[in-house]
Amino acid sequence: MKHETKVNIRLRTMMFMQYLFFAVWWVPLAAYLVNMGITGFEKTLILSSMAIGSMASPVLGALADRYFAAQKVLAVSNLITAVLLLVSSAVVSPTLLFVLILLAMLCYMPTWSLVSSIAMRHTSAEEFPRMRMFGSLGWVASGLFSLAAVHLFGADTFDGGNLPLICGGATALLAALFNLTLPNTPADRSAGGVSVRALLGFDAFALLKDRNFMVFMSVSFLAIIPFAMYFTFGSEFLQTQQFRYITLTMNWGQVAEMLFLFLATSIIRKIGVKHAMSWGLLALVVRYAAFYAGVDFGWPSLFIVAILVHGLIFGLFFVGGQVYTDNVAPQHLKAQAQGLLSFVVWGVGLLIGNFVCGSLIKSCSVSENGAAVCDWGTVFLITTAMSVAVMLLFLFCFRTEKKVRRA
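The sections below set out a description of the structure shown in this document. (Residues numbered from 1 in each chain as written. Predicted model: local features only at pLDDT ≥ 70, side-chain atom pairs only at ≥ 80, totals over all residues. Heavy atoms only, no water.)

Quick word on the side chain of T171
The cut-off we apply is this: The secondary structure listing takes helices from DSSP runs of H or I that are at least 4 residues long and strands from runs of E that are at least 2 residues long, numbered from the N terminus. N or O atoms within 3.5 Å of each other form a polar contact, as long as, within protein, one can give a hydrogen and the other can take it, and as long as residues adjacent in sequence are counted only when both atoms are side-chain atoms. Any two residues having at least one pair of non-hydrogen atoms within 4.5 Å are treated as being in contact.
Mapped onto the secondary structure, T171 falls in helix α10 (residues 163–179). Among the polar contacts listed, one links the side chain of T171 to the backbone oxygen of G168, at a separation of 3.1 Å. Look past the residues within four positions of T171 in its chain and what remains in contact with it is M17, F21 and F145.

Now the structure itself:
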């Protein structure tokens, strides 16, 4: 029991650090790029580095499934990410900044599925949401971290400068060192020998033959497109609304996320995967409806409502989807299946979502006194309609699943 407790503490710390060092620099990145004068296609391209990086998830999942201990793969990925972020903090060229951040994301983004796979190897899938809650706690802590960094470095503000990149690189280095203390999660060498198919994680694509899993992946892909408006461009919108502490403000969504992740296990057991994910998609509709009403009717307090429902969206739909994926994947494909989900959602889906949302912002903007001013009301009306369509597709096409069983 004592050993089990130590393992759980280490796994929770892994989750905490993995999301802390990402959130501390990613959340304010859009505002930083605007302040650097990087706009339009270049800005969208840099912000899409996360999505492109997610496309490497099946590869890293295959390495962890078949060839190397997962905790060692995680440590090396975080070490390389740390170096790239520190170098990025000193770069002013948009092209070079894109290259460095893209390389960092190719190393970092696959770790989302990797830490999930490590956690699920040492605990049950139905208990995973409570384990993942510590990732949300790390995201929330990034807001407090930003306040501490301002005082430590004597800066006027944390958001909008290169300080987040420096802090992200430093904490990524600490995470890499800590990863070496994680419980051993060896590769399953009985799964087969070296092959291009296995290395690219293509074996997990066989899961798409299942109709329900195919519907789930399709809806997840479509849902991330409107989701990108908040996730990628949220800091830009809040900056136009004169919010000073953007990172701290957006972290209220992660506070709510922690609550719903704690409750997600009980919710999924009680109402099943379909209903849990349906509530998550309904929350996505509520988010953009609240943003729309807040802008068009002059009710800025609704912006906080839109931020707080992030907990329902992420906890019930996206993390609920991870639990569902682990439940349907065979043992030798679990890491690859999580990698496939990251590839489809946080890779291809988020990439398309970034360009769709970036184009939407541009098409709804006009020039006033030499500066682009966006009609955010129209933007959020359109993303509300998109969210409604995705929710209806899921409700009518996804068949009710049995409650998640113990792993």
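Observations regarding the pattern of salt bridges
Which entries qualify depends on this criterion: Any Lys or Arg side-chain nitrogen found within 4 Å of a carboxyl oxygen on Asp or Glu counts as a salt bridge. Relative accessibility decides the category of a residue: with a 1.4 Å probe and only protein chains considered, values under 20% of the type maximum give buried, values over 50% give exposed, and everything between is partly exposed.
Enumeration according to the criterion identifies one salt bridge in this entry. Between K43 and E236 there is a salt bridge, and its shortest N-O distance comes to 2.7 Å. Of this pair, K43 sits in helix α3 (residues 40–47) while E236 sits in helix α13 (residues 234–240), and the two are 193 residues apart along the sequence. Residues K43 and E236 agree in their burial class; the two are buried.

Observations concerning the packing of aromatic side chains
The way to describe two aromatic rings as a pair is by their centre distance and the angle between their planes. Short version of the rule: Stacked, tilted and edge-to-face pairs are distinguished by plane angle, under 30 degrees for stacked and over 60 for edge-to-face with tilted covering the rest, among Phe, Tyr and Trp rings (Trp via its six-membered ring) whose centres lie within 6.5 Å.
Counting across every chain of the model gives 37 aromatic pairs. Pairing F231 with W346 gives two aromatic rings, centres 5.4 Å apart and planes at 50°, and the pair type is tilted. Residue F231 is located in helix α12 (residues 211–231), and its partner W346 is located in helix α18 (residues 334–363); the two are separated by 115 residues in the primary sequence. The burial state of F231 is the same as that of W346; both residues are buried.

Quick word on helix α6 (residues 70–88)
Formally: By definition here, a helix of n residues has an expected span of 1.5 Å times n minus one.
Along its 19 residues, α6 runs 27 Å from first to last C-alpha, staying within 8% of the 27 Å computed at 1.5 Å per residue. Within the sequence span of α6, burial applies to A70, Q71, V73, L74, A75, S77, N78, T81, A82, L84, L85 and S88.

Section: the side chain of T383
Considering the arrangement of structural elements, one finds T383 in helix α19 (residues 376–397). If we ignore the near neighbours within four places in the chain, the residues touching T383 are P226, M229, Y288 and L360.

Some words on the environment of A30
Within the element layout of this structure, A30 appears in helix α2 (residues 29–35). When near neighbours in sequence (up to four residues on either side) are disregarded, A30 contacts L47, T232, S235 and E236.

Digging into the packing of helix α15 (residues 252–296) against helix α16 (residues 301–308)
Spelled out, the test is: Between the N-to-C directions of two axes lies an angle of 0 to 180 degrees, each axis being a line fitted to C-alpha atoms and, for a helix, fitted only over the stretch in contact. Throughout, the term roughly parallel applies to angles under 35 degrees, roughly antiparallel to angles over 145, roughly perpendicular to angles from 65 to 115, and oblique to all others. Working rule for handedness: look at the near helix, and if it is turned counterclockwise from the far one by less than a right angle, call the crossing left-handed; if clockwise, right-handed. In the scheme used here, Gly and all other residues not listed as nonpolar or charged are polar, with Ala, Val, Leu, Ile, Met, Phe, Trp, Tyr, Cys and Pro taken as nonpolar and Asp, Glu, Lys and Arg as charged.
α16 packs onto α15 with a crossing angle of 150° between their chain directions and a minimal axis gap of 5 Å. Classed by the angle they form, the pair α15 and α16 counts as roughly antiparallel. Crossing of α15 against α16: the hand is left-handed. In contact with W252, G253, A256, R287, A290, F291, A293, G294 and V295 of α15, α16 contributes L302, F303, V305, A306, I307 and L308. Residue composition of the contact of α15 with α16, grouped by class: twelve nonpolar, two polar and one charged.

Considerations on the environment of E257
Its location among the elements puts E257 in helix α15. C-alpha of E257 to C-alpha of L137: the two residues are 120 residues apart in sequence and 8.7 Å apart in space. If we skip the residues at most four places from it in the chain, E257 touches R132, S136, H310, G311 and F314.

A few points about the packing of α15 against α19
Axis separation between α15 and α19 bottoms out at 8 Å; the angle between their running directions is 165°. Taken as axis vectors, α15 and α19 run roughly antiparallel relative to one another. In this structure, α15 crosses over α19, and the sense of that crossing is left-handed. For the contact of α15 with α19, the residue count by class is 18 nonpolar, five polar and two charged.

Overview of the nonpolar core
The following threshold applies: Buried Ala, Val, Leu, Ile, Met, Phe, Trp, Tyr and Cys residues that are joined via side-chain atoms within 4.5 Å together make up what is termed a nonpolar core.
M14, W25, M50, W112, M229 and W346 are the most contacted members of the largest nonpolar core, which has 122 residues in total. For M50, the residues in contact, after removing those within four places along its chain, are F22, W26, M105, M109, W112, F231, W346 and L350.

A word on a nonpolar patch on the surface
Under the convention used in this document: Patch building starts from residues that exceed 30% relative accessible area and form no salt bridge, then joins like charges within 9 Å and nonpolar side chains (Val, Leu, Ile, Met, Phe, Trp, Tyr) within 5 Å. Working definition of accessibility: Shrake-Rupley area with a 1.4 Å probe, residue cover restricted to the visible protein chains.
On the surface, a cluster of nonpolar side chains totalling about 520 Å² of accessible area is made up of L79, V83, V87, L173, L174 and L177. Listed by contribution, the elements that provide at least two residues to the nonpolar patch are α6 and α10. Following the sequence through the fold, V87 ends up in helix α6. Residue V87 is classed as partly exposed on the basis of its relative accessible area, which comes to 41%.

A word on α12
For α12, built from 21 residues, the straight-helix expectation of 30 Å at 1.5 Å per residue is met to within 8% by its first-to-last C-alpha distance of 29 Å. Of all 21 residues in α12, 16 are buried, a share of seventy percent or more. Backbone nitrogen of N212 and a side-chain oxygen of the N-cap are separated by 3.2 Å at the start of α12; the cap is D210.

Brief notes about the environment of E236
E236 sits in the buried class, given a relative accessible area of 12%. Here the alpha-carbon distance between E236 and L29, two residues 207 residues apart in the chain, equals 8.9 Å. Every residue in contact with E236, bar those within four places of it in the chain, is listed here: A30, K43 and I361. A distance of 2.7 Å separates the side chain of E236 from the side chain of K43, its partner in a polar contact.

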